Amino acid sequence: MSKITINTQSDGVKIDRHIYGHFSEHLGHCIYGGYWVGEKSSIPNTRGIRNDIVAALKHIKIPNLRWPGGCFADEYHWKDGIGPRADRPKMINTNWGGVTEDNSFGTHEFLDLCDQLGCEPYICGNVGSGTVQELSQWIEYVNSDAVSPMTDIRKQNGRADPWKVSFWGIGNESWGCGGMMTPEFYADNFRRYGVYARNYKGTNLYRIACGPNTDDYNWTRVLMQKVHGSGQSFMKGLSLHYYTVPGEWIKKGSAVEFDEQEWFTTMKKASRMDELVHKHGAIMDEFDPRKEVSLIVDEWGTWFDVEKDTNPGFLYQQNTLRDALVASLHLNIFNNYAERVRMANIAQTINVLQAVILTQDEKMILTPTYHVFDMYKVHQDAQRLPLTVECDSYTIGSDTLPAVSASASVDGEGRIHVSLCNIDPHSEQKVDLNLQGSASPAAKITGQIITAENMQDHNTFDDGNKVRIAEFKGAAISPAGITVTLPSKSVVTLEIK
Ligand code: AHR
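Residues numbered from 1 in each chain as written. Predicted model: local features only at pLDDT ≥ 70, side-chain atom pairs only at ≥ 80, totals over all residues. Heavy atoms only, no water.

Quick word on the overall build of the protein chain
Here is step 1: Each helix and strand counted, the protein chain has 9 helices and 27 strands in total.
Here is step 2: Relative to its length of 497 residues, the protein chain is compact, with a C-alpha radius of gyration of 22 Å against a globular reference of 23 Å.
Here is step 3: Projected onto its principal axes, the C-alpha coordinates of the protein chain cover approximately 70 × 55 × 45 Å.
Here is step 4: Across the 497 residues of the protein chain, 59% fall into the buried class.
Here is step 5: Relative to all contacts within the protein chain whose residues are 6 or more apart in sequence, the contacts with residues 24 or more apart total 76%.
Here is step 6: For the protein chain, the distance from the average position of its 48 positive side-chain charges to the average position of its 61 negative side-chain charges is 5 Å. (Helix = DSSP H or I, 4+ residues; strand = E, 2+ residues; numbered from the N terminus. Rg over C-alpha atoms; globule rule 2.2 N^0.38 Å. Buried < 20%, exposed > 50% of the residue type's maximum accessible area, 1.4 Å probe, protein only. Contact = heavy atoms within 4.5 Å. Lys, Arg positive; Asp, Glu negative; His and termini not counted. Charge placed at Lys NZ, Arg CZ, Asp CG, Glu CD.)

Set out below in structure tokens:
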């Protein structure tokens, strides 16, 4: 029997809705063939953007969208993506498949997409191969309503008012594809680019610095010391990238054909996010005890081998129940570290890596990961409830993991939501749910579940509903308390009133 004790008195920490953010790059069929089909497409669209995708993402309350990359961002020159589409220069997408990028989806199209989605844009600027002037002018173009060369061009391109975008990334993976920089060199560059990333009227930029790759704790230390520690307040966020790769980079493992050992390894590697957030957070605490700088996990998710007969540069992979469990583990970690983690972006929304949506021409399917985001949306901007989990282990050979992970919050109407997952693919978990500090006992409990018969189950274009949300009937209130029976390999969100 597992025991979860939840303190129903919040500790005053909000689970920022931006933890449920997304990342979409000019990569494979994320933008082209994903969101963007063009106005002339027979697929229903609004100004070239697919209506079904917008509706699906609005349903899960997508709070923000990071764009245009990724590695692509540090070779992207934004001026190539404005003005009449026919006149836009073409480029080679050197990072992703060497395909021609015709720049038909640029700044105006992206910001229109965010308007249609009702989400906040998060634009990642080019530090690796761009200039301070280029990034500074992009911000001026997007955010200024003064009389200036950039605002004049924007108006000529059909947009009178500035969009007032707050979230700006100053480079991406500057330790790798974004320029192979040392942390010291990047920190100086962040300060230089940061100065000219101006706050135009009505904006207060949320500048996000390129943070560490996985466990590069030295990168975090140098950035915190040289930027935040210097008294400069430019840096509002420090990013962290960590992907769950079950095998080695050269042979990562299949998205759908895997055995239990690979399932276990995937869960183990996904759970590592806890250690990373904890250790990077501890370094940040040394320089920033008031937690003014957020840890922004702006790339996370599973990374498997590409599907057979697809372009290796397009990173197209299927998405099974295993991905749903990985999403649940991550979102629980982010909720539980919400005092430091204030934004996260799953990689990537459509047709790339741990996608929430897959498309094939006019068809679209929602993946198991999509359904986890749907179930977890109740935590967005809710007050976190601290909890402790004592549970059985999931063991394979001599290796063990906690079988159950959980997070909880209370929303503005006093409803408590508890999200749990059981990563054990064989055994159900009985959980004794203990609510502490509540004036009145729980009166009603309802829930939703995602599970499937097999670990490898997934949705296809022929059967898009194999893995989907169902009503959860495994929770009961008795005079002794709340008991929950979590089926093997399941994700559950409970609502307690
Ligand atoms: O998400 C795919 C790639 O992974 C991104 O472009 C890059 O930032 C990371 O290495």
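Here we look at helix α1 (residues 51-59)
Here is step 1: Inspection of α1 places I53, V54, A56 and L57 among the buried residues, and these make up the whole buried set. An end-on view of α1 places all buried positions within 165° of arc, on one side of the element.
Here is step 2: Buried positions along α1 lie against β4 (49-50), α2 (107-117), β14 (357-360), β15 (363-366) and α9 (368-376).
Here is step 3: Downstream of α1 by one or two residues, K61 has phi in the positive range, about 60°. (Arc of directions from axis to C-beta.)

Some details on the side chain of T244
Here is step 1: Secondary-structure assignment places T244 in strand β11 (residues 235-244).
Here is step 2: Assessed through its relative accessible area of 0%, T244 is described here as buried.
Here is step 3: Not counting chain neighbours up to four residues away, the residues in contact with T244 comprise T266, K269, A270, G301, T302, W303, V326 and H330.

Focus: the environment of I445
Here is step 1: Tracing the chain through its elements places I445 in strand β23 (residues 445-450).
Here is step 2: Here I445 falls in the buried class, since its relative accessible area comes to 16%.

Regarding the site of the ligand
Here is step 1: Lining the immediate environment of the ligand, one finds F23, E25, G70, C71, W96, N172, E173, Y243, E299, W303, Q348 and L353.
Here is step 2: At a separation of 2.7 Å, an oxygen atom of the ligand approaches a polar side-chain atom of E299.
Here is step 3: If the ligand stood free it would expose 280 Å²; the protein chains cover 94% of that surface.
Here is step 4: Broken down by class, the residue content of the shell around the ligand amounts to 6 nonpolar, 3 polar and 3 charged. (Near = heavy atom within 4 Å. Polar contact = N/O pair within 3.5 Å; in protein donor to acceptor, adjacent residues only side chain to side chain. Areas by Shrake-Rupley, 256 points an atom, 1.4 Å probe, with all protein chains shown as cover. Nonpolar A, V, L, I, M, F, W, Y, C, P; charged D, E, K, R; others polar.)

Some words on the state of the cysteines
Here is step 1: Applying the stated criterion across every chain yields a total of 1 disulfide.
Here is step 2: Two residues share a disulfide in this structure: C71 and C177, whose sulfurs sit 2.2 Å from each other. Linking C71 and C177, the disulfide has an S-S dihedral of approximately -90° and is accordingly described as left-handed. Pair noted here: C71 is in the loop between β5 (64-67) and β6 (91-93) and C177 is in the loop between β9 (167-170) and α5 (183-196), with a separation of 106 residues, a long-range link.
Here is step 3: Judged by relative accessible area, which is 13%, C71 ranks as buried.
Here is step 4: Summary of cysteine pairing: C119 is not part of a disulfide, and the nearest cysteine sulfur, belonging to C114, is at 4.0 Å.
Here is step 5: In this model C391 remains outside any disulfide bridge; the closest cysteine sulfur is found in C421, 9.8 Å from its own.
Here is step 6: Judged by relative accessible area, C391 falls into the partly exposed class, the value being 24%. (Disulfide = S-S within 2.5 Å.)

Comments concerning the pairing of strand β18 (residues 393-396)
Here is step 1: What you see with β18 is a clean split: Y394 and I396 sit on the buried side and S393 and T395 on the side with no burial.
Here is step 2: For β18 and strand β19 (residues 399-402), the ladder comprises 4 bridges, and the chain directions are antiparallel. Counted as the bridge partner of S393 is P402 from β19.
Here is step 3: Taking the residues between adjacent antiparallel strands as the criterion, β18 and β19 are bridged by 2 residues, where G397 takes a positive phi near 65°. (Pairing = 2+ DSSP bridges.)

Description of the sheet that holds strand β26 (residues 481-486)
Here is step 1: What the 5 strands build is an open sheet, ordered β17-β1-β22-β26-β25; its pairing is mixed. Each edge of the open sheet is held by one strand with a lone partner, namely β17 (387-390) and β25 (475-478). Looking at each pair of strands side by side, their axes are set apart by 20° on average, direction ignored. (Axes fitted to C-alpha atoms, helices over the stretch in contact; angles between N-to-C directions.)

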